[in-house]
Amino acid sequence: HIGSWDVDLVNDVLTWSDETFRIWEIDRTKFAATFSAFVETVHPDDREKVIKNYNDSIANKTLYQIEHRLLFPDGRIKYIQEHGEPYFDAYGRPVRFIGTSLD
């Protein structure tokens, strides 16, 4: 199962595909759709690693590749593999980040 996501870095808007919502088991009407809201879904022990990897990808203009866990309210854990790529404007400013998630 592969879901896709797209982050508008200028306006801090996160767009998930239907499959990404299914993987995360989140009702789209109850999701804030920001990077911060995404981070809150990540297992607490993996959050720092995810943020660092994401920020390093933007700073170094490299691909984002990571495996992390989701922790559900009932205690279940799901492993996720994510791959993404930052995109930049003509001045080198990050404007978009597009990727996929696999459970």
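To start, this report covers the structure provided alongside it.

Cut-offs and rules
Residues numbered from 1 in each chain as written. Predicted model: local features only at pLDDT ≥ 70, side-chain atom pairs only at ≥ 80, totals over all residues. Heavy atoms only, no water. Helix = DSSP H or I, 4+ residues; strand = E, 2+ residues; numbered from the N terminus. Buried < 20%, exposed > 50% of the residue type's maximum accessible area, 1.4 Å probe, protein only. Contact = heavy atoms within 4.5 Å. Areas by Shrake-Rupley, 256 points an atom, 1.4 Å probe, with all protein chains shown as cover. Phe/Tyr/Trp six-rings, centres within 6.5 Å; stacked < 30°, edge-to-face > 60°. Lys NZ or Arg CZ within 6 Å of the ring centre and 35° of its normal. Expected span 1.5 Å × (residues − 1). Arc of directions from axis to C-beta. Core = buried A, V, L, I, M, F, W, Y, C linked by side-chain atoms within 4.5 Å.

**A word on the overall build of the protein**
Then, in step 1: In terms of helices and strands, the protein carries three helices and five strands.
Then, in step 2: What you see in the protein, going N to C, is helices and strands ordered as β-β-α-α-α-β-β-β.
Then, in step 3: By principal-axis analysis of the C-alpha atoms, the protein measures approximately 45 × 25 × 20 Å.
Then, in step 4: Burial statistics for the protein: of 103 residues in total, 37% are counted as buried.
Then, in step 5: Of the contacts formed within the protein by residues at least 6 apart in sequence, a portion of 40% connects residues at least 24 apart.
Then, in step 6: Total accessible area on the protein stands at roughly 6100 Å², and carbon and sulfur atoms take up 52% of it.

**Some points on the packing of aromatic side chains**
Then, in step 1: The final tally for this structure, using the stated rule, is 12 aromatic pairs.
Then, in step 2: Between Trp 5 and Tyr 64, the ring centres sit 6.1 Å apart and the planes meet at 85 degrees, which makes this aromatic pair edge-to-face. Taken together, the residues span a long stretch of sequence, with Trp 5 in strand E1 (residues 2-8) and Tyr 64 in strand E3 (residues 64-71) at a distance of 59 residues. For the pair formed by Trp 5 and Tyr 64, the shared burial category is buried.
Then, in step 3: Aromatic pair Trp 16 and Phe 21: ring centres 5.0 Å apart, planes at 70 degrees, arrangement edge-to-face.
Then, in step 4: You can call Phe 21 buried: its relative accessible area is 10%.
Then, in step 5: Of the aromatic side chains, those joined through ring pairs into one cluster are Trp 5, Trp 16, Phe 21, Trp 24, Phe 31, Phe 35, Phe 38, Tyr 54, Tyr 64 and Phe 97.
Then, in step 6: For Lys 61, the ring lying beneath its charged end belongs to Phe 88, and the centroid distance is 4.8 Å.
Then, in step 7: Directly above the aromatic system of Phe 72 lies the positively charged group of Arg 76, at a separation of 4.4 Å from the ring centroid.

**Observations regarding helix H3 (residues 47-60)**
Then, in step 1: The end-to-end C-alpha distance of H3, which contains 14 residues, comes to 20 Å, matching closely the 20 Å that a straight helix rising 1.5 Å per residue would cover.
Then, in step 2: Buried residues of H3: Val 50, Tyr 54, Ser 57 and Ile 58, and no others. Along the axis of H3, the buried residues cluster in a sector spanning 95 degrees; they form a single face. Of the exposed residues in H3, the ones pointing more than 90 degrees away from its buried face are Glu 48, Lys 52, Ala 59 and Asn 60.

**Considering the nonpolar core**
Then, in step 1: In this structure, Trp 16 and Phe 38 are the most contacted members of the largest nonpolar core, which totals 22 residues.
Then, in step 2: Contributions of two or more residues to this core are made by E1, strand E2 (13-16), helix H1 (18-24), helix H2 (35-41), H3 and E3.
Then, in step 3: Beyond its immediate chain neighbours, meaning those up to four positions away, Phe 38 contacts Leu 14, Trp 16, Trp 24, Phe 31, Val 50, His 68 and Glu 82.

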